[in-house]
Amino acid sequence: MLEVVEKLKSEFEAKLAQSKTHEEIEAMRIAYLGKKGAVTDVLKDLKNMDAEAKKQVGQQINALKDEIEEKLRLQAKKMEEIKFQMAMENAEKFDFSIPSCQEVGSLHPVTIVQRQIENIFKSMGFIIEDGLEIQTEYNNFEAVNIPKHHPARDMQDTYYLSNGQLLKTHTSAAQNAIMRKYGAPKPGEPLRVLFPGRCFRNENIDASHENTFFQLEGMMIGDNISISNLIYFMKVLLSEVFERDVKVRLRPGFFPFVEPGFELDINCLICGGKGCPTCKQSGWLELLPCGMIHPNVLTMGGIDPDKYTGFAFGLGLTRLTMMKYGIKDIRVLNSGNLKALKQFK
Ligand code: FA5
């Protein structure tokens, strides 16, 4: 009987060496270990043996069963490894050291200028805040001293949402929340915040007006802030961005949230001040309105106007970008025309 077991074993090994597929392995499992398999058949013969032989042959057969199972398992594993190896050899070869993308993207010109200004102001102790695009009427208007029915609301044709909120018409909408967030400044440590953002107005679109455009607002509040601080920061801003002298003019401007208020216009860099469609033939472009924060606005922001003063400015960031790069028409900046936008690196 032991010879039969030995024969079975060598027969199995010969077949196993020939096997190449999972199907063949499965067929061998059935042929040897299945209900009607060769090993099972031998087990059936045990009942005719005496006790001693039963024990000896039984052990041999059980060992063979375990061995067959293990060898089938290892053979299946080996096949998987060979399959994987072959797949790897046939796979397309990549050189991972070659840069994957030949075309490198670029930042939008407005983002480039925004970051430049942020860096200038950060170096002067300003923190950057991110105002919400959807605002309440209170934040956009009331909190900056533009009560209901005030004529200034008509100057900023507003997109209202069905829930009564609105798309912010100017970055000044964040003033109140920022004042409340940081509170009254400590002596000698003025609050200095910069808050760029996208604004929306239901405008007639032309070369210098879009219905979606960027502003960049700055605010400084302390116990001794004056117009000369305001003028200093405006000068730094423009000379750093343009890296040369640019002609500007300061004239009185009316904004309910500042008193006094100013309009800072830039001499049109597209036509050199001669007059063109970008500056509507005037030679000047409104760029940087500013002023001393109105006491009402400070009060609504929780800051005592008898103790503190401050300035604010609301730079037309999209227009500044146009002037810096000589872009004649504001629509280019919202066009998604990659060919045009990629020039500004
Ligand atoms: C304001 O929005 C004020 N909140 C600015 C301000 C802040 C004044 C703090 C004082 C103190 P104005 O509506 O003028 O102001 O807009 C500011 C700038 O945004 C303009 O000078 C202009 O450069 C830009 N701007 C306004 N409307 C448009 C538009 N439709 N398209 C592109 N740029 C615009």
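The structure contained in this document is the topic of the report that follows. (Residues numbered from 1 in each chain as written. Predicted model: local features only at pLDDT ≥ 70, side-chain atom pairs only at ≥ 80, totals over all residues. Heavy atoms only, no water.)

Digging into the site of the ligand
Around the ligand sit 24 residues, and of these His170, Ser172, Arg201, Glu210 and Glu286 come closest. The separation between an oxygen atom of the ligand and a polar side-chain atom of glutamine 215 is 3.0 Å. Burial of the ligand by the protein chains amounts to 96% of its free accessible area of 670 Å². Listed by contribution, the elements that provide at least two residues to the shell around the ligand are β5 (212–222) and β10 (309–316). Residue composition of the shell around the ligand, by class: ten nonpolar, eight polar and six charged. (Near = heavy atom within 4 Å. Polar contact = N/O pair within 3.5 Å; in protein donor to acceptor, adjacent residues only side chain to side chain. Areas by Shrake-Rupley, 256 points an atom, 1.4 Å probe, with all protein chains shown as cover. Helix = DSSP H or I, 4+ residues; strand = E, 2+ residues; numbered from the N terminus. Nonpolar A, V, L, I, M, F, W, Y, C, P; charged D, E, K, R; others polar.)

Focus: helix α1 (residues 2–18)
For α1, spanning 17 residues, the distance from its first C-alpha to its last is 25 Å, which sits close to the expected 24 Å at 1.5 Å a residue. Those residues of α1 that sit buried are Val5, Leu8, Phe12 and Leu16. The buried residues of α1 occupy an angular sector of 65° when projected down its axis, which confines them to one face. Looking at α1, the residues exposed on the side facing more than 90 degrees away from the buried face are Glu3, Lys7, Ala17 and Gln18. (Expected span 1.5 Å × (residues − 1). Buried < 20%, exposed > 50% of the residue type's maximum accessible area, 1.4 Å probe, protein only. Arc of directions from axis to C-beta.)

Looking at the packing of aromatic side chains
Counted according to the given criterion, the structure contains ten aromatic pairs. Taking the centre distance of 4.9 Å and the plane angle of 90° together, the rings of phenylalanine 121 and phenylalanine 126 count as edge-to-face. The rings of Phe121, Phe126, Tyr232, Phe233, Phe311 and Phe313 are connected pair by pair, giving a single aromatic cluster. The ring of tyrosine 325 has lysine 324 lying over it, and the distance from NZ or CZ to the ring centre is 5.9 Å. (Phe/Tyr/Trp six-rings, centres within 6.5 Å; stacked < 30°, edge-to-face > 60°. Lys NZ or Arg CZ within 6 Å of the ring centre and 35° of its normal.)

What about the packing of helix α2 (residues 22–33) against helix α3 (residues 38–45)?
Viewed as axis vectors pointing N to C, α2 and α3 meet at an angle of 10°, and their least axial separation amounts to 3 Å. Relative to α3, the element α2 is oriented roughly parallel. Facing Ala31, Tyr32 and Leu33 of α2, the residues of α3 in contact are Ala38, Val39 and Thr40. (Axes fitted to C-alpha atoms, helices over the stretch in contact; angles between N-to-C directions. Parallel < 35°, antiparallel > 145°, perpendicular 65-115°, else oblique. Contact = heavy atoms within 4.5 Å.)

Describing the nonpolar core
Ranked by internal contacts, the top residues of the largest apolar core, which has 45 residues, are Ile117, Phe121, Phe313 and Leu315. Top element by residues in this core is helix α8 (residues 227–242). It accounts for eight residues. If sequence neighbours within four positions are ignored, leucine 315 has contacts with Ile117, Phe214, Gln215, Leu216, Leu237, Leu287, Leu288 and Leu320. By size, the runner-up hydrophobic cluster in this structure holds 22 residues, among which are Phe141, Leu166, Ala174 and Met219. (Core = buried A, V, L, I, M, F, W, Y, C linked by side-chain atoms within 4.5 Å.)

Topic: the pattern of salt bridges
The full count for this structure, using the stated rule, is 15 salt bridges. With a closest N to O distance of 2.4 Å, lysine 71 and glutamate 13 form a salt bridge. Of this pair, lysine 71 sits in helix α4 (residues 51–90) while glutamate 13 sits in helix α1; the two residues are 58 residues apart in sequence, bridging distant segments of the chain. We note a salt bridge from arginine 73 to glutamate 70, for which the minimum N-O separation is 3.0 Å. (Salt bridge = Lys/Arg side-chain N within 4 Å of Asp/Glu carboxyl O.)

What about the pairing of strand β6 (residues 248–252)?
The sheet contact formed by β6 and strand β7 (residues 258–267) spans five bridges and is antiparallel. Looking at the pairing, valine 248 lines up with isoleucine 266 of β7. Taking the residues that link successive antiparallel strands as the turn, the β6-β7 hairpin has five residues. (Pairing = 2+ DSSP bridges.)

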